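Architecture at a glance
As a plain string of letters, each chain reads:
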Amino acid sequence: MSDLKALIFDVDGTLADTERDGHRPAFNAAFREMGLDWDWTVPLYGRLLQVAGGKERIRHYLDAFAPEFTPPADLDRFVGDLHACKTRHFVAMLERGGIPLRPGVLRLIEEARSAGLLLAIATTTSLTNVESLLRANLGEASLDWFRVIGAGDVVPAKKPAPDIYHHVLGRLGLSARDCVAIEDSAQGLRASRGAGIATVITVSGYTVEDDFSGAAAVLEHLGEPETPGRVIQGQGPGNGVVDLRYLDALLP
Ligand code: XBP
Ligand code: MG
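Residues numbered from 1 in each chain as written. Chains lettered and ligands numbered in written order. Predicted model: local features only at pLDDT ≥ 70, side-chain atom pairs only at ≥ 80, totals over all residues. Heavy atoms only, no water.

Assigned secondary structure in the chain consists of nine helices and seven strands. Relative to the compact-globule value of 18 Å for 252 residues, the chain shows a C-alpha radius of gyration of 18 Å, a close match. Based on the C-alpha atoms only, the size of the chain along its principal axes is roughly 60 × 35 × 35 Å. In the chain, buried positions account for 54% of the 252 residues. Considering only intrachain contacts with a sequence separation of at least 6, the fraction spanning at least 24 residues in the chain is 63%. Of the roughly 11,300 Å² of accessible surface on the chain, a fraction of 48% belongs to carbon and sulfur atoms. One finds the centroid of the 25 positive side-chain charges in the chain at a distance of 2 Å from the centroid of its 34 negative side-chain charges. (Helix = DSSP H or I, 4+ residues; strand = E, 2+ residues; numbered from the N terminus. Rg over C-alpha atoms; globule rule 2.2 N^0.38 Å. Buried < 20%, exposed > 50% of the residue type's maximum accessible area, 1.4 Å probe, protein only. Contact = heavy atoms within 4.5 Å. Areas by Shrake-Rupley, 256 points an atom, 1.4 Å probe, with all protein chains shown as cover. Lys, Arg positive; Asp, Glu negative; His and termini not counted. Charge placed at Lys NZ, Arg CZ, Asp CG, Glu CD.)

Shown next as structure tokens:
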């Protein structure tokens, strides 16, 4: 060891299982606050997740599920205001301590920091959400643990486009061969593999049925010594606990 120079984490579904009981109720709270009678149920939200990005998801809902709704003349502003409202609700939920990190996330981050690896984030979600999630679970100082946080609208084409990973690699000054990505969804996998990065999947609530062809391995979660993660596909760590030695061996 080790050729591995950086770990790049996705956020939603990977650092924390945020979608069903985090983003979804935050969208619904924003709809209520803005006088809309829309209800994004658990199954409907699963379908809406096909479109990454909250603003893009609202637009997709309008196009595909709300033909009777007459949008205001300034659609960009309407969607922007609605999404900002949703972000406020989501951040308030995080600040109440409502969304914990997934098993093994902190353990792996600590191992990487001790070994001097770089840490980065490549996500579709808004920067405010990432910072609030880190702050709420790991404290203010944790924002500096990540050399690069690539988030939200920093690239115009969101996952499954590889742009966010290209952006993060560029800012890290590393090539794809130096890094491993941790993702939870098929869209995230397409983005990371599109940038040529070896990728481990830890499935989340909405993504268990996704097609993960091209992943180095698909796991239940990153695992803790007392609660190892089940291997779903591919070559997992022998003891069910993802560590740097295991990730290093995945590099091309
Ligand atoms: C997940 C997303 C995001 C979140 C909502 O991104 O697609 O859109 O669902 O967050 P990732 P925003 O898995 O890449 O972290 O409303 O801030 O977009
Ligand atoms: Mg994700």
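Throughout the structure, instances matching the rule amount to eleven salt bridges. A salt bridge links R77 to D81; the shortest N-O distance between them is 3.9 Å. Taken together, the positions of R77 and D81, both in helix 4 (residues 75-95) and four residues apart, correspond to about one turn of that helix. For D81, a relative accessible area of 38% gives the class partly exposed. Salt-bridge contacts for D153 lead to K158; the nearest nitrogen and oxygen are separated by 2.8 Å. Owing to a relative accessible area of 12%, K158 belongs among the buried residues under this scheme. (Salt bridge = Lys/Arg side-chain N within 4 Å of Asp/Glu carboxyl O.)

Moving on: the pairing of strand 1 (residues 6-9). Both faces of strand 1 are covered, namely the face carrying A6 and I8 and the face carrying L7 and F9. Relative to strand 2 (residues 118-122), strand 1 is paired through four bridges, and the arrangement is parallel. Counted as the bridge partner of L7 is L119 from strand 2. Bridge analysis of strand 1 against strand 4 (residues 179-183) gives four bridges, and the strand direction is parallel. If you follow A6 over to strand 4, its bridge partner there is C179. (Pairing = 2+ DSSP bridges.)

The subject of this paragraph is the sheet that holds strand 1. Strand order in the open sheet made by the seven strands is 3-2-1-4-5-6-7, with mixed pairing throughout. Taken across any chain shown, the strands that pair with only one partner, and hence form the sheet edges, are strand 3 (148-150) and strand 7 (231-234). Strand-to-strand twist of the sheet, defined as the mean angle between neighbouring strand axes without regard to direction, takes the value 20 degrees. Sitting on the sheet, helix 8 (residues 186-194) is in contact with strand 4 and strand 5 (198-202), with an inclination near 165 degrees to strand 5. (Axes fitted to C-alpha atoms, helices over the stretch in contact; angles between N-to-C directions.)

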